[in-house]
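# Per-entry structural report
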Amino acid sequence: MKRTLLLGLVAGLALLGPPAIASIESIALPTVERAVTDIVPAPVEAKAAAEPFLLTPGTVICADKESLEVAQYLQALLKPATGYPLPVHSSAEERGGKAIELFLIKDGKLGAEGYRLEVHPEGVRIRATTTDGLFSGVQSLRQLFPAAIESKTVQTREWPVAGGTVVDFPRFGHRSAMLDVARHFFTPDQVKLYIDQIAQYKINTLHLHLTDDQGWRIEIKSWPKLATIGGQTAVGGDPGGYYTQEQYRDIVAYAASRHIDIVPEVDMPGHTNAAQHSYAELNCDGVAVPPRTDIEVGYSSLCIGLPITYTFVEDVIRELSALTPGRYLHIGGDEAHSTKPEDYQAFQDKVQPLAAKYGKEFIGWHEIAKATPPVTAVPQFWGTNPTAPEVTAAAQRGNKILMSPANRAYLDMKYNKDTPIGLSWAGLVEVQDSYGWDPSTAVTGVAENQIAGVEAPLWSETIRTSDNIEYLAFPRLPGIAEIGWSPRASHDWTAYRDRLAKQGPRLTAQGIDFYRSPQVDWK
Ligand code: TNX
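This report concerns the structure included in the present document. (Residues numbered from 1 in each chain as written. Predicted model: local features only at pLDDT ≥ 70, side-chain atom pairs only at ≥ 80, totals over all residues. Heavy atoms only, no water.)

## Let's talk about the packing of helix H7 (residues 245–257) against helix H9 (residues 307–323)
- It is at 10 Å that the axes of H7 and H9 come closest, and there the two elements cross at 45°. Relative to H9, the element H7 is oriented oblique. Across from Gln245, Tyr248, Arg249 and Val252 in H7, the residues of H9 making contact are Glu319, Ala322 and Leu323.
- Grouping the constituent residues of the contact of H7 with H9 by class yields four nonpolar, one polar and two charged. (Axes fitted to C-alpha atoms, helices over the stretch in contact; angles between N-to-C directions. Helix = DSSP H or I, 4+ residues; strand = E, 2+ residues; numbered from the N terminus. Parallel < 35°, antiparallel > 145°, perpendicular 65-115°, else oblique. Contact = heavy atoms within 4.5 Å. Nonpolar A, V, L, I, M, F, W, Y, C, P; charged D, E, K, R; others polar.)

Below, the structure is given as structure tokens:
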């Protein structure tokens with residue numbers, strides 16, 4: 001019966017003759033898998049229009065001189081699936097032709113990362129005040145294509161781009177993901193893959209947790225054994241590894257090409273077993289500790305009273321600062337359970353000024369707030385309880401807080417008790433839990449204007465592969481990205497859930513092995 005009805009409908013339509021692409025799109029628009037109103041993270045303003053732009057083998061991309069790199073990135077994004085050449089033209093001014101145009105403009109409303117996007121049958125225009133803004137506009141544009149645009153091989157089909165206008169800018173300037181490469185090592189190519197995956201949701205920072213008890217992952221030329229000895233181990237006896245300085249610079253450059261800053265973390269004064277295994281002189285008794293590959297925390301501490309501790313720390317900070325163009329270093333500071341409180345304070349008093357000495361500001365896990373850091377420092381809240389008086393006090397002194405409440409934002413928490421990988425000390429974190437919070441109420445007494453932004457940390461005790469990364473990060477990471485980018489007023493689980501469902505085919509086409517949460521009606 002259903003079948004006859006359908007056949008009748010098809011026959012009826014056939015009598016009307018083949019419809020033009022534009023009318024198919026306009027008829028289908030409300031239910032089509034993509035519209036400007038479906039973009040994740042949700043834009044500030046989005047107005048869908050009936051008529052799409054049709055990408056053709058003749059489409060060109062025009063950009064002003066400063067924007068050519070973003071234009072080339074867009075070209076590389078669209079080329080594999082379409083097979084179209086999409087040549088990039090440098091143009092001093094907008095031509096208004098049938099093209100995709102990327103132009104820098106002056107527009108106070110957009111801020112440093114905002115953009116305007118217009119898609120209509122005559123062309124696509126993205127305008128922003130910076131190339132960061134244009135790059136964000138490109139990420140939105142990407143979601144207006146059919147999901148097959150994410151395919152790595154040529155798909156023979158038409159490429160209509162959903163029509164409409166978007167005016168968009170972020171709620172917070174700092175939108176970060178963290179990857180723990182210390183517990184398990186991830187190669188530069190694996191890090192680059194994650195960079196590409198997070199960039200599409202307008203994440204602008206990648207924090208690399210480079211050192212911990214189980215491994216030291218960055219070459220330090222003045223202390224070579226950190227990498228050659230400290231880099232050999234990983235959790236569970238798995239293979240270690242480390243980045244040479246050249247490889248690290250290459251990761252930084254790759255991230256920059258995706259408009260992402262790298263924030264390198266050297267964790268101290270705790271989480272230092274790998275360093276103290278590599279150098280006997282970093283131990284109070286002068287005896288190197290054995291390597292550790294279990295997942296205990298809180299047992300290691302640098303020797304606070306030893307002068308060489310500070311030579312070591314300064315050498316590391318100096319070399320890392322020289323390698324890192326971004327504004328921030330991350331100096332760790334968490335779970336220093338084996339460092340006496342007065343020693344922790346003494347350590348922080350000596351170490352914190354070293355960041356400024358080498359031209360950097362610093363982020364630290366929220367425990368650093370106890371040590372009264374300078375107002376430029378950013379304590380990173382990782383608690384599970386909004387009562388955190390030392391964090392509130394830091395905000396009152398003028399420090400901006402980075403929010404990553406573990407029971408919401410930790411991507412290494414299991415989704416449910418049967419999740420094959422992940423931990424559960426902060427709770428089970430389903431997709432709705434990870435989306436269902438607001439940075440401005442995450443810590444009592446820390447208001448919107450005292451918040452730097454949000455971070456989604458991914459600790460790697462239980463993960464070894466890019467598939468593992470993808471399974472835990474997706475689909476929670478897009479939700480954290482939306483919390484960091486989209487206006488607070490747009491926050492709505494039911495609406496988000498529908499938009500997230502439409503990301504499913506896009507993630508699939510990208511080969512991302514995501515968790516198909518039963519809370520989402522995946523298409
Ligand atoms: C706590 S959160 C840690 C890490 C662990 C993580 C596992 C924080 C600042 N420290 O050392 O890897 O839990 O979820």
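## Comments concerning helix H5 (residues 188–199)
- Spanning 12 residues, H5 covers 16 Å between terminal C-alpha atoms, matching the ideal 16 Å at 1.5 Å per step.
- Where burial is concerned, most of H5 is hidden: nine out of the 12 residues are buried. (Expected span 1.5 Å × (residues − 1). Buried < 20%, exposed > 50% of the residue type's maximum accessible area, 1.4 Å probe, protein only.)

## Examining the site of the ligand
- In the vicinity of the ligand lie 13 residues, with Arg183, Tyr410, Asp412, Trp425 and Glu461 positioned nearest.
- The side chain of Glu335 places a nitrogen or oxygen atom 3.2 Å from a nitrogen atom of the ligand.
- Between an oxygen atom of the ligand and a side-chain N or O atom of Asp412, the distance comes to 2.6 Å.
- Contact with the protein chains covers 98% of the free accessible surface of the ligand, which is 360 Å².
- Residues of the shell around the ligand, tallied by class, amount to seven nonpolar, one polar and five charged. (Near = heavy atom within 4 Å. Polar contact = N/O pair within 3.5 Å; in protein donor to acceptor, adjacent residues only side chain to side chain. Areas by Shrake-Rupley, 256 points an atom, 1.4 Å probe, with all protein chains shown as cover.)

## A short note on the state of the cysteines
- Across all of its chains, the model carries one disulfide by this definition.
- In this model Cys284 forms its disulfide with Cys303; the gap between the sulfur atoms is 2.0 Å. Since a negative S-S torsion denotes a left-handed disulfide, the Cys284-Cys303 link at about 105° is right-handed. Placement of Cys284 in the loop between helix H8 (273–278) and H9 and of Cys303 in the loop between H8 and H9 is noted, with a sequence separation of 19 residues between them. (Disulfide = S-S within 2.5 Å.)

## Quick notes on the nonpolar core
- Counting 133 residues, the largest nonpolar core has Tyr194 and Leu206 as the members making the most contacts within it.
- In terms of residue count, helix H3 (residues 68–82) provides more of this core than any other element does, eight residues in total.
- Both domains that meet at this core, namely domain 1 (33–168) and domain 2 (174–489), each give it at least three residues.
- If we skip the residues at most four places from it in the chain, Leu206 touches Ala177, Met178, Leu179, Val191, Tyr194, Ile195, Ile198, Ile260, Asp261, Ile262 and Val263.
- In this structure, Met178, Trp365, Tyr410 and Trp459 belong to the second largest nonpolar core, which totals 10 residues. (Core = buried A, V, L, I, M, F, W, Y, C linked by side-chain atoms within 4.5 Å. Domains from an automatic or database assignment.)

## Observations regarding the packing of helix H16 (residues 476–485) against helix H17 (residues 493–509)
- Remark: H16 packs on H17, axes separated minimally by 11 Å, with the N-to-C direction vectors making an angle of 130°. For the element pair H16 / H17, the angle class is oblique. Crossing hand, H16 versus H17: right-handed. Where H16 abuts H17, its residues Pro478, Gly479 and Glu482 lie against Tyr496, Arg499 and Leu500.
- Here the residues of the contact of H16 with H17 sort into three nonpolar, one polar and two charged. (Left-handed = near helix turned anticlockwise from the far one by under 90°.)

## Describing H9
- Between its first and last C-alpha atoms H9 spans 25 Å; for 17 residues at 1.5 Å apiece the expected length is 24 Å, and the two agree.
- Most of H9 is tucked away: 12 of the 17 residues are buried.
- Those residues of H9 lying buried are Thr309, Tyr310, Phe312, Val313, Glu314, Asp315, Val316, Ile317, Glu319, Leu320, Ser321 and Leu323.

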